[in-house]
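Next come the chains, spelled out residue by residue.
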Amino acid sequence: MELERKRGISVSSTVLQFEYGGFFINLLDTPGHKDFSEDTYRVLTAVDSVIMVIDSAKGIETQTRKLFEVCRQRGVPIFTFMNKCDRPMRDPLMLLDELEKVLGIGAFPVNWPIGTDGDFKGVYDRHSRQVHLFERTVGGQYRAPVSVGGIGDPVIRGRLDDQTFHRVSEELGMLDLAGESFDLDAVLAGTTTPVFFGSGVNNFGVQLLLDGFLKYSPGPAARRSVVGQAYRQSGAASARSNGAESTGGSDAPPDRQDACPSMVQPAHDAFSGFIFKIQANMDPKHRDRIAFVRICSGRFERDMTVVHARTGKKVRLSSSHKLFGNERETVDEGYAGDIIGLVGHSEFGIGDTLTTDPAIAYNEIPRFTPETFCYLHNPNTGKYKQFRQGLDQLLQEGVVQVLHLRDSAVKVPLLAAVGPLQFEVVQYRLEAEYGAPSRREDAPFNVVRWLPAGLKDDDLDALVLPSGARIAYDTDNHPCVLFSSEWSANYFVETNPKFPLAALPPVKEVA
Ligand SMILES: Nc1nc2c(ncn2[C@@H]2O[C@H](COP(=O)(O)OP(=O)(O)OP(=O)(O)O)[C@@H](O)[C@H]2O)c(=O)[nH]1
Ligand SMILES: [Mg+2]
């Protein structure tokens, strides 16, 4: 996206697939900026392991910390890549210490950097006892790894100044003395992270990371299914609890434990999967809409008919693709762990389950409480159609949410987001993809809370609102209250004890 080049940051997640070492790896790259955490957390629900890339000069940044916490709570194995070792970096022992202290997980260095003051010499693979030398050459090629009996091997010793040599020897000695052996079970449980050092932009250490990843990462795991259509209709299971309760704020993950009826194994006969991302107009060559599905069980076959769990309708999946950046290729079959892109299907929404077994329904996607609000004006009446069409698409992608003020004659959309950069993305994409310029006006709200389900108009009329607060509806017509401040929201709670507020809307029932 041009906006990303201009801003120098990613504004949305990217899905791509590649083959390495005889495996198909689905890489879901997430943006780092906190304003896009909604997208990031949705994508996290679709993965089996995570690679955390840390800038070795900075250590763990706030956003990374939150992500790690979510992964840990979900029990997702975490691999750590300490990047930018070609530049002066922080003391590697301190970096490990930080991982352990800040994130509360064990850190096991699989390899170790040699030369950390900007004079990067390479990494020492603690398992194979090989040194991989970092020598910049034209075309990003490196010398083959040198096998050594230890860091003191004359071949290596000759390349290191005394200070570097003593330092690395001491560090490796300390690591050995600490005597921690590699614990694969702890890695699989997400309580220890294998750590790799390298330099991404120089493609150095990446291969070691991938090799380690293939060796230690788990295959596709069983997924928790909530009550699907069949059970619901037969009354065989009780309705599931409100999964949104546990997210309770903008960065907490959903609690997977509360949604129990069954675990769906990857080898389960029936095909099942869920949509974790939707994006339109990804490629100017194909101006269409792709729903990304994480396959959880069974076998996907192109042209198969599945149940769309939310509507209960049967749909035929004919236009299925694998994505490689902007390139796409028709895919005829897929299995658990695969990500496929389905083109078309305007009825699909984020979080929807597709399955041949109506007993299965996934409810993986976390929801977030918006924290920032704005009105979006269409300054050009002649572009009303494009403006509306573009906005509808972006709402469906979950780029932002939209609310409607109660008792308001004004039809200007009121957008709600976790971070203001989301609004910028909406405006940019409306113009670039739909030819609809827009104007943003800050809305005087900072907090939104949902009212209990089932309130009547009379109840809403009777509410005593603090000054500046307004009642609004979300896209599912759930009433909520917009406040100017947390203080104002608290005041409402005290003055309207019969109307408890929630940080998230009541959960929609699966059809
Ligand atoms: N010196 C050095 N720079 C690097 C290295 N890897 C990445 N960079 C630079 O760091 C900057 C950020 O890289 P990105 O890959 O966009 O970082 P990111 O964390 O994915 O950022 P977002 O996707 O925007 O969240 C770019 O200017 C890269 O060239 C490295 O190994 N060494
Ligand atoms: Mg990135």
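What counts and how
Residues numbered from 1 in each chain as written. Chains lettered and ligands numbered in written order. Predicted model: local features only at pLDDT ≥ 70, side-chain atom pairs only at ≥ 80, totals over all residues. Helix = DSSP H or I, 4+ residues; strand = E, 2+ residues; numbered from the N terminus. Rg over C-alpha atoms; globule rule 2.2 N^0.38 Å. Buried ≥ 20, exposed ≤ 12 C-beta atoms within 10 Å, placed from the backbone. Contact = placed C-beta atoms within 7 Å. Domains from an automatic or database assignment. Expected span 1.5 Å × (residues − 1). Arc of directions from axis to C-beta. Pairing = 2+ DSSP bridges. Axes fitted to C-alpha atoms, helices over the stretch in contact; angles between N-to-C directions. Near = placed C-beta within 6 Å. Nonpolar A, V, L, I, M, F, W, Y, C, P; charged D, E, K, R; others polar. Core = buried A, V, L, I, M, F, W, Y, C linked by C-beta atoms within 7 Å. Parallel < 35°, antiparallel > 145°, perpendicular 65-115°, else oblique. Left-handed = near helix turned anticlockwise from the far one by under 90°.

Some details on the overall build of the protein
Logical step 1: Looking only at helices and strands, the protein has 13 helices and 30 strands in total.
Logical step 2: Relative to the globule expectation of 24 Å for 511 residues, the C-alpha radius of gyration of the protein, 25 Å, shows essentially globular dimensions.
Logical step 3: Its C-alpha atoms give the protein principal-axis dimensions of roughly 85 × 50 × 45 Å.
Logical step 4: A buried classification covers 40% of the 511 residues belonging to the protein.
Logical step 5: A separation of at least 24 residues holds for 68% of the contacts in the protein among residues at least 6 apart in sequence.

What to know about the domain arrangement of the protein
Logical step 1: For the protein, the domain assignment lists domain 1 (49–216), domain 2 (223–362) and domain 3 (372–495).
Logical step 2: The C-alpha centroid of domain 3 is placed 46 Å from the C-alpha centroid of domain 1.

A short note on helix H3 (residues 62–74)
Logical step 1: Relative to the 18 Å expected for 13 residues at 1.5 Å per residue, H3 spans 19 Å between its end C-alpha atoms, a close match to the ideal helical length.
Logical step 2: When we look at burial in H3, the residues that qualify are Leu67, Phe68, Val70 and Cys71. For H3, the angular spread of buried residues about the axis comes to 160°, placing them on one side.
Logical step 3: Turning to H3, the residues buried within the fold contact helix H2 (37–44), strand S3 (50–55), strand S4 (78–83) and helix H4 (92–103).

As for unusual backbone geometry
Logical step 1: Even without glycine at this site, Lys84 takes up a positive phi of about 65°.
Logical step 2: Position of Lys84 relative to the elements: it lies in the loop between S4 and H4.
Logical step 3: In this structure Lys84 comes out as buried when scored by C-beta crowding, with 21 C-beta atoms within 10 Å.
Logical step 4: At Asp303, a position not held by glycine, the phi torsion is positive, near 80°.

Description of the sheet that holds strand S22 (residues 353–355)
Logical step 1: Reading across the sheet, the eight strands line up as S17-S16-S22-S13-S14-S21-S18-S19 and stay open at both edges, with antiparallel pairing between neighbours. Each edge of the open sheet is held by one strand with a lone partner, namely strand S17 (313–317) and strand S19 (327–330). On average, each strand axis in the sheet is tilted by 40° relative to the strand beside it, whichever way the strands run.
Logical step 2: Bridge count for strand S18 (residues 320–324) against strand S21 (residues 339–343) is two bridges, and the pairing is antiparallel. For Ser320, the partnering residue across the bridge sits in S21 and is Leu342.

Quick word on the site of ligand 1
Logical step 1: Around ligand 1 sit 13 residues, and of these Ile9, Ser10, Gly32, Ser199 and Val201 come closest.
Logical step 2: Taken together, the residues of the shell around ligand 1 break down into three nonpolar, seven polar and three charged.

Section: the pairing of S17
Logical step 1: As paired strands, strand S16 (residues 304–308) and S17 are joined by five bridges and run antiparallel to one another. Within S17, the position partnered with His308 by the bridge is Lys313.

A word on the environment of Val123
Logical step 1: The residue Val123 is located in strand S7 (residues 122–125) in this model.
Logical step 2: Under the C-beta neighbour-count criterion, Val123 is labelled buried, with 28 such atoms within 10 Å.
Logical step 3: The spatial distance from the C-alpha of Val123 to the C-alpha of Phe204 is 9.3 Å, given a sequence separation of 81 residues.
Logical step 4: The contacts of Val123, once residues within four sequence positions are left out, are Asn111, Trp112, Pro113, Ile114, His132, Phe197, Gly198 and Gly205.

Re the nonpolar core
Logical step 1: Counting residues in each nonpolar core, the largest one holds 75 residues, and the members touching the most others are Cys71, Met82, Phe196, Ile275, Ala291, Phe292 and Val293.
Logical step 2: Counting residues domain by domain, this core receives three or more from each of domain 1 (49–216) and domain 2 (223–362).
Logical step 3: Filtering out sequence-adjacent residues up to four positions away, Phe292 remains in contact with Val15, Ile275, Phe276, Lys277, Ile339 and Gly341.
Logical step 4: Core analysis: the next-biggest nonpolar cluster, separate from the first, contains 35 residues, Ala436, Phe445, Ala472 and Leu482 among them.

Digging into the packing of helix H10 (residues 384–396) against helix H11 (residues 421–434)
Logical step 1: Contact pair H10 / H11: the axes reach a minimum separation of 10 Å and the direction vectors enclose 125°. For the element pair H10 / H11, the angle class is oblique. Seen from above, H10 lies across H11 with right-handed handedness. Counted together, Gln386, Phe387, Gln389, Gly390, Leu391 and Leu394 of H10 and Val426, Arg429, Leu430, Glu433 and Tyr434 of H11 form the full contact between these two elements.

Some points on the sheet that holds S3
Logical step 1: As summarised here, the arrangement of the four strands in space is S3-S4-S10-S5, forming an open sheet in which the pairing is parallel. For this open sheet the edge positions go to S3 and strand S5 (106–109), each flanked by a neighbour on one side alone. Sheet twist, expressed as the average angle between the axes of neighbouring strands with direction ignored, equals 30°.
Logical step 2: Judged from the four bridges that link them, S5 and strand S10 (residues 192–197) form a sheet pairing that is parallel. Bridging from a neighbouring strand, Ala107 pairs with Thr193 of S10.

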